[in-house]
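What follows is each chain in one-letter form.
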Amino acid sequence: MFIGLKKCNLLHVLFLKNMKFILILLFSFFTLFSFGQDNRMIVVIDPGHGGKDPGNLNVTKGMKVEKELNLLIAKKLGNYIDQYLGHKIKVVYTRTTDVFIPLEERVAKANKMNAAYFISIHCNASDNPAVYGTETHIHNIKSKTSRELGLQIEKQFKTRAGRNSRGLKLKTDRTFNLLVLKDSKMPAILVETGFMTNKAEEAYLNSERGQDLIASAIFRGFRDYVKLKHGITMRTPGNNVADKKGPVYKIQIMASTGPVSLNNPDFKKIGKPIEEVKITNSTSPFNYKYYVGAFSDKREAKKMLKQIHETSFKDAFLVRFD
């Protein structure tokens, strides 16, 4: 009787030890699983062409070919999304280097990961060198979401970048299908950022400023659409989400009569994204204003203002937007 009881107690102890070990393993597994999950919406950015496929060639000696321009603009767009929407949206590129990737693989990648949106970046060409401007292509008029997103982007090309918008283009306008639009399972657009065959526009696309403004316009159109469609609001540099239900505070660092490169060394020293706003229909000689941040909390905005006063911008001040 005593021996049986001893065995029973021993089994009980072993059982408890094993259960403790199993529970620790289960806890570790679920902890890793829950923290490892990334529930952010995915947007696939596709820099057109690459590798052995250069796309449109440069017209002017020393200018970049299309595959290079596409990649530069695509990365700038992705950086904007990471900075301001990265808390809700994950950026995935079809390529990040100069490699050739078949069209089928680009679409398959987006479809496989159940991406929410597909944005392909290209530069245009024409037999007529006088033609210039932006276009956003969708598959057909039934692609309602793609259509709405494309319209937002073309709107920003006019207002943000000051470009000649040639509008939304459908399969019927092209008279042929675009595989990355036809075979995608998610809303998809192909953005033609400008005509390389127009010398003035080619120079614009090759400039840092032109690339910044084009990428910014695409981002703003995408930003406005996902806020309207999904309720996603921007994350500010201070990690606060500026909500238009209340006032938003921005820090104006300067105003100028003409555009200032966003790669200005003094801008770089701030270490935060700089927003350029072009002022139209104003009697003021200052046609451009430059801001940092978009804070819903005035105290956070003041903290940032104090940091900016330690740079070259001693006269920076808060501006309230209702």
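About the criteria used
- Residues numbered from 1 in each chain as written.
- Predicted model: local features only at pLDDT ≥ 70, side-chain atom pairs only at ≥ 80, totals over all residues.
- Heavy atoms only, no water.
- Pairing = 2+ DSSP bridges.
- Helix = DSSP H or I, 4+ residues; strand = E, 2+ residues; numbered from the N terminus.
- Axes fitted to C-alpha atoms, helices over the stretch in contact; angles between N-to-C directions.
- Contact = heavy atoms within 4.5 Å.
- Parallel < 35°, antiparallel > 145°, perpendicular 65-115°, else oblique.
- Left-handed = near helix turned anticlockwise from the far one by under 90°.
- Nonpolar A, V, L, I, M, F, W, Y, C, P; charged D, E, K, R; others polar.

A. Main features of the sheet that holds strand β3 (residues 117-124). Pairing in this open sheet of 6 strands is mixed, and the strands run β2-β1-β3-β6-β4-β5 from one edge to the other. This sheet does not close on itself; its edge strands, each paired only once, are β2 (89-93) and β5 (165-169). Here the average twist between neighbouring strands, direction ignored, is 20 degrees. With 5 bridges joining them, strand β1 (residues 41-47) and β2 adopt parallel strand pairing. The partner of Val43 across the bridge, within β2, is Val91. Across the sheet, helix α4 (residues 144-159) touches β3, β4 (134-137), β5 and β6 (188-195), and the angle it forms with β5 is around 175 degrees. Along the sheet, helix α8 (residues 208-230) contacts β1, β2, β3, β4 and β6; its crossing angle with β3, the most-contacted strand, is approximately 155 degrees.

B. The arrangement of the sheet that holds strand β10 (residues 317-321) in detail. Across the sheet, which stays open at both edges, the 4 strands sit in the order β8-β9-β7-β10 with antiparallel pairing between neighbours. The open sheet has two edge strands with one neighbour each: β8 (274-278) and β10. Each strand axis lies, on average, 40 degrees off the axis of its neighbour in the sheet, ignoring direction. Relative to β10, strand β7 (residues 248-256) runs antiparallel, the two being bridged by 5 bridges. Its bridge partner lying in β10, Tyr249 is registered against Arg320. Running at roughly 30 degrees to β7, helix α10 (residues 298-308) makes contact with β7, β9 (288-295) and β10 of the sheet.

C. Broad picture of the packing of helix α2 (residues 66-85) against α8. At a minimum axis separation of 9 Å, α2 and α8 run at an interaxial angle of 45 degrees. As judged from the angle between their axes, α2 and α8 are oblique. Where α2 crosses over α8, the handedness of that crossing is right-handed. Contacts from Leu69, Leu72, Ile73, Lys76, Leu77, Tyr80, Ile81, Tyr84 and Leu85 of α2 reach α8 at Glu208, Gln211, Asp212, Ile214, Ala215, Ser216, Ile218, Phe219, Phe222, Arg223 and Val226. A per-class count over the contact of α2 with α8 returns 14 nonpolar, 2 polar and 4 charged.

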